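Architecture at a glance
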Amino acid sequence: MIQLPASYQEYLAGQSEGVINAVRPILMQSAADKRHGVRVVIHPHDHQAHLDETIPYGTVIEDID
């Protein structure tokens, strides 16, 4: 089983269930390949996450749409 780095676990801590459900699969993908960080785009009614090759592994950056 893939272990999330502490920085990803800290990001998830205190988030709503909806955010966790949207973001966790991408964090897991990042943890599996250990090459890229994650960008979370915050929309008015939801969150979307994707791997970002410009962000170092283990880092989560939030952007507003």
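Now for a quick tour of the structure. (Residues numbered from 1 in each chain as written. Predicted model: local features only at pLDDT ≥ 70, side-chain atom pairs only at ≥ 80, totals over all residues. Heavy atoms only, no water.)

Below, the discussion takes up the environment of tyrosine 11. Its place among the elements puts tyrosine 11 in helix α1 (residues 6-12). As for tyrosine 11 and histidine 47, which are separated by 36 residues in sequence, their C-alpha atoms are 13 Å apart. The contact partners of tyrosine 11, leaving out residues within four places of it in the chain, are Val23, Val40, Val60 and Glu62. (Helix = DSSP H or I, 4+ residues; strand = E, 2+ residues; numbered from the N terminus. Contact = heavy atoms within 4.5 Å.)

At lysine 34, a residue that is not glycine, the phi angle is positive and equals roughly 55 degrees. Locating lysine 34 in the fold gives a position in the loop between α2 (17-33) and β1 (37-42). Relative accessible area serves as the criterion here: at 55%, lysine 34 is assigned to the exposed category. (Buried < 20%, exposed > 50% of the residue type's maximum accessible area, 1.4 Å probe, protein only.)

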